[in-house]
Amino acid sequence: MNTFPQNLDEVVKQAKAATKSAIADGYQRIQVELVVAEIALKAQLLAIEFAEMFEEYGTGVKVMFPDTGAAMLARRDWGDKPFQVTDMGSRFTDIETQVSPEDKLFIVVAPSAVEVGRAEKLCNLAGDRPVVFLIPQLEDVSVVGIGYAARQIRERFISTIHTSYYFRLLDGAAILRCYPAKWQVWLETETGYELATELNNKPIGEDLELLLTKLTSSQPDGDKASTKPKKSGILSNLQSFLKALSQ
């Protein structure tokens, strides 16, 4: 069983290991979700960590950003690297031009729901080559919508993406999925986070609220949080983690 990460550095280490394990087990469409405030601002720094993890693929690794500007900025900041850096195409350039037979693995950095069409096309072009979506926001209801077309996108594409790693802090609890483990709900106690339950599917919405209420109410009185949950360790180390990434 995986342990609860004590800081964001451990979160990233777990995410990298879980992603490599998922690929080794044959998953081809993978996403890493870190629901942490401001983490999207450091997407470029996370991307290079993941890209360097796949050194065995050599120049076959292609890091793709949603737009040309972000890709150019990454190339400038990173300098010469053994992997490739490009964008997902634009209204003037089809994504087909960004995929070549020599590509072996794709890392798509922080794609939004605006790019969901190109993301789906990339996966179709990739075939059996792994595609890793790093901190994606592909299912923004305000963009994708809630009608028939949106349901089609979810069923046809978004539902085919396997979550290798998920981390989200709540008020006095946390949701963690670290492949190959199940989805886990951890509750914060005075001594740290303790595993409360494991689930086969991601807990969301009203189901998550009901589950947390049930888990909290079932705790012995002595274990219930008597003070305001402080989200210790994790968020308090955010700045030091981001600084470490920059080095």
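Heads up: the structure comes first, above all this text.
Residues numbered from 1 in each chain as written. Predicted model: local features only at pLDDT ≥ 70, side-chain atom pairs only at ≥ 80, totals over all residues. Heavy atoms only, no water.

J.: Tell me what's going on with the overall build of the chain, and back it up with residues and numbers.
T.: The secondary structure content of the chain amounts to 8 helices and 9 strands. A burial count over the chain gives 48% of its 247 residues as buried. Taking the intrachain contacts of the chain between residues at least 6 apart in sequence as the baseline, contacts between residues at least 24 apart amount to 64%. Entry remark: accessible area of the chain is about 12,800 Å², with carbon and sulfur atoms responsible for 50%. (Helix = DSSP H or I, 4+ residues; strand = E, 2+ residues; numbered from the N terminus. Buried < 20%, exposed > 50% of the residue type's maximum accessible area, 1.4 Å probe, protein only. Contact = heavy atoms within 4.5 Å. Areas by Shrake-Rupley, 256 points an atom, 1.4 Å probe, with all protein chains shown as cover.)

J.: Tell me about the packing of helix 2 (residues 43-53) against helix 3 (residues 68-78), and name the residues and values.
T.: It is the contact of helix 2 with helix 3, at a shortest axis distance of 11 Å, that shows an interaxial angle of 65°. The two elements helix 2 and helix 3 cross, and the hand of that crossing is right-handed. Each of Gln 44, Ala 47 and Ile 48 in helix 2 lies in contact with helix 3, whose residues at this interface are Leu 73, Ala 74, Asp 77 and Trp 78. Taken together, the residues of the contact of helix 2 with helix 3 sort by class into 5 nonpolar, 1 polar and 1 charged. (Axes fitted to C-alpha atoms, helices over the stretch in contact; angles between N-to-C directions. Left-handed = near helix turned anticlockwise from the far one by under 90°. Nonpolar A, V, L, I, M, F, W, Y, C, P; charged D, E, K, R; others polar.)

J.: Break down helix 2 for me, with residues and values.
T.: Most of helix 2 is tucked away, with 9 of its 11 residues classed as buried. Where helix 2 is concerned, the buried positions are Ala 43, Gln 44, Leu 45, Leu 46, Ala 47, Ile 48, Phe 50, Ala 51 and Met 53.

J.: Go over helix 4 (residues 116-126) with me, naming the residues and quoting the values.
T.: All of the buried residues in helix 4 are Val 116, Ala 119, Glu 120, Leu 122, Cys 123 and Ala 126. What you see down the axis of helix 4 is that its buried residues fit within an arc of 155°, all on one side. Gly 127 occupies a position one or two residues after helix 4 and carries a positive phi of about 65°. (Arc of directions from axis to C-beta.)

J.: Any details on the packing of aromatic side chains? Residues and values, ideally.
T.: In total, this model carries 9 aromatic pairs according to the counting rule given. Centroid distance Phe 54 to Tyr 57: 5.9 Å. Interplanar angle 70°. Geometry classified as edge-to-face. One aromatic cluster is present, formed by Phe 4, Phe 167, Trp 186 and Tyr 193 through successive ring pairs. (Phe/Tyr/Trp six-rings, centres within 6.5 Å; stacked < 30°, edge-to-face > 60°.)

J.: Go over the environment of Val 63 with me, naming the residues and quoting the values.
T.: When you line up the elements, Val 63 lands in strand 2 (residues 61-65). With a relative accessible area of 0%, Val 63 lands in the buried category. Taking the C-alpha atoms as reference points, Val 63 and Val 132, 69 residues apart in sequence, are found 9.5 Å from one another. Setting aside residues no more than four positions away along its own chain, Val 63 makes contact with Ala 47, Ala 51, Trp 78, Phe 83, Gln 84, Val 85, Thr 86, Ile 107 and Val 109.

J.: Lay out the pairing of strand 1 (residues 29-35) with the relevant residues and their values.
T.: The buried count for strand 1 comes to 6 of 7 residues, which makes it a mostly enclosed element. Across 4 bridges, the pairing between strand 1 and strand 5 (residues 131-134) is parallel. By the bridge assignment for strand 5, Arg 29 is matched with Val 131. (Pairing = 2+ DSSP bridges.)

J.: Go over the pattern of salt bridges, please, and point to the residues and values.
T.: The full count for this structure, using the stated rule, is 10 salt bridges. A salt bridge links Arg 76 to Asp 77; its shortest N-O distance comes to 2.9 Å. Judged by relative accessible area, Asp 77 falls into the partly exposed class, the value being 39%. Taking the shortest distance from any N to any O, the salt bridge between Arg 118 and Glu 115 comes out at 3.8 Å. Connected through shared salt-bridge partners, Asp 94, Glu 96 and Lys 121 make up one network. (Salt bridge = Lys/Arg side-chain N within 4 Å of Asp/Glu carboxyl O.)

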